[in-house]
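Fold and geometry: a report
Below, each chain spelled out in residue letters.
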Amino acid sequence: MTEAAPVLLEVADGVATLTLNRPDAMNSLDVATKEALLAAARQVADDEAVRCVVLTGTGRAFCVGQDLKEHVRILQSGETDSLFRTVEEHYNPIVSAIAGMQKPVIAAVNGVAAGAGASLAFACDLRIVADTAGFNLAFANIALSCDTGSSFTLQRLVGRAKAIELLYFPRTVQADEALALGMATQVVPAAELAEVVSGLAARLAAGPTVALGAMRMSLTFAADHTLMESLDFESAQMTRTGKTSDHAAAVEAFLAKEKPVFEGR
C-alpha cells in the first residue's frame with residue numbers, strides 16, 4: 001500500500017504490522033479505512049508466513065473510533081440505514097478477524113484509543129501502551145451503544161462493575177491507571193514503544209505459532225462454555241498441536257538439551 005493509504009501493511013520476519021494511517025483525523029474510521037482494515041486483517045490472518053500481528057496508528061492517536069464528520073454527513077443525507085449497517089458490514093467482521101486469528105496479535109497503543117478504537121485494542125492479546133496514551137469508552141457521549149466487541153472484551157479485562165462504570169461515565173483512562181485496571185499489558189515510554197513492541201513481536205513470531213493460536217482459541221472458547229466443554233476443546237487442541245513439526249522439534253531439542261527452533265507449523 002502507498003503512504004497515502006488509510007491502512008498500511010508491512011510484513012517482515014514473520015511479523016505483519018497494520019498501521020492506521022489517517023493522522024490528521026486521529027486515525028478515525030471512515031468507510032474507506034474500515035474496508036482497508038478488514039481486507040488487511042483477513043490477508044494477514046490467512047498468510048502462513050505471518051506468525052505475529054501488530055496493530056498500531058500513526059501520529060498522536062491510536063484510533064478515536066468512528067469518523068464523526070463522515071457520520072454527520074451520512075445522517076444529514078438521510079441514508080441512516082447505511083450508517084448503522086457499518087456495524088454488521090465493517091466493525092463486526094474486523095473484530096472477528098482480529099479475535100479469530102490463529103496467531104498472536106499485539107496492539108501498540110501509541111496514543112488515545114477511543115470508542116471503537118479502544119475496542120479494537122481490547123480484541124488484541126496484548127496491549128503495549130505508550131505512557132502518553134489512554135483509553136476512552138466514548139460511546140455514551142454520542143448516545144450510542146458500545147460496539148466492536150467491547151461488551152465482551154472490556155468486562156473480561158476489568159470486571160463487569162468497572163466496565164459498566166467506564167461505559168456509563170466516559171473519561172480518558174490514562175496509561176498508568178489502564179495498567180492497574182488490566183486494560184494495558186505494559187506501559188512504556190512513548191519513545192521506546194516501537195522498540196519494545198518490535199522485540200515482543202519478534203519473540204512471538206519465533207514461537208510455536210500453532211500452539212499459540214490454539215491457546216488463544218482455547219481461552220476464547222472457555223470464556224462462554226462449561227468446564228466440561230472446555231476440557232473437550234483443550235483435548236482436541238492438544239491432539240492437534242501434538243501432531244505439529246514444532247512439537248516434534250521441541251521434544252528432540254529437549255532430549256538433546258538444546259533450544260528448539262520453531263517454524264510455526
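Let me begin by describing the structure that accompanies this report. (Residues numbered from 1 in each chain as written. Predicted model: local features only at pLDDT ≥ 70, side-chain atom pairs only at ≥ 80, totals over all residues. Heavy atoms only, no water.)

Reported here for the largest pocket is a volume of approximately 740 Å³. Forming the boundary of the largest pocket are 25 residues, of which Ala-123, Cys-124, Asp-125, Arg-216 and Thr-220 lie nearest the centre. Secondary-structure elements contributing two or more residues to the lining of the largest pocket are helix H3 (80–99), strand S7 (126–130), helix H5 (150–158) and helix H9 (209–222). Top element by residues in the lining of the largest pocket is H9. It accounts for six residues. Of the voids in this model, the second largest pocket is the one considered here, and its volume is about 440 Å³. Surrounding the second largest pocket, 27 residues form its lining, Gly-65, Gln-66, Asp-67, Leu-68 and Ile-142 being those nearest its centre. Among the elements of the structure, helix H2 (68–77) and H3 are those that each provide at least two residues to the lining of the second largest pocket. Per element, the largest residue contribution to the lining of the second largest pocket is five residues, and it comes from H3. Classifying every residue of the lining of the second largest pocket gives 15 nonpolar, seven polar and five charged. (1 Å grid on protein atoms, 1.4 Å probe; cavity = no way out; pocket = protein on both sides within 12 Å on 5 of 7 lines; lining within 4 Å. Points joined across faces, edges and corners; volume = space filled by probe spheres on them. Helix = DSSP H or I, 4+ residues; strand = E, 2+ residues; numbered from the N terminus. Nonpolar A, V, L, I, M, F, W, Y, C, P; charged D, E, K, R; others polar.)

This paragraph deals with the sheet that holds strand S4 (residues 61–63). Read from one edge of the open sheet, four strands run S4-S6-S8-S9, paired in mixed fashion. Each of the sheet's edge strands pairs with one partner strand only, and the pair in question is S4 and strand S9 (173–174). In this sheet, strand S6 (residues 112–114) lies alongside S4 in parallel orientation, the contact comprising two bridges. Counted as the bridge partner of Cys-63 is Ala-113 from S6. (Pairing = 2+ DSSP bridges.)

Pairs may arise between side chains of opposite charge once their charged atoms sit close together. Summed over all chains, the structure comprises seven salt bridges. The salt bridge involving Arg-85 is made with Glu-89; its shortest N-O contact spans 3.0 Å. On the criterion of helical spacing, the pair formed by Arg-85 and Glu-89 is a turn pair, its members being four residues apart in helix H3. Residue Glu-89 is classed as partly exposed on the basis of its relative accessible area of 40%. For Arg-265, the salt bridge is made with Glu-263, and the minimal N-O distance between the two is 2.4 Å. The network of salt bridges with common partners includes Arg-22, Asp-30 and Asp-67. (Salt bridge = Lys/Arg side-chain N within 4 Å of Asp/Glu carboxyl O. Buried < 20%, exposed > 50% of the residue type's maximum accessible area, 1.4 Å probe, protein only.)

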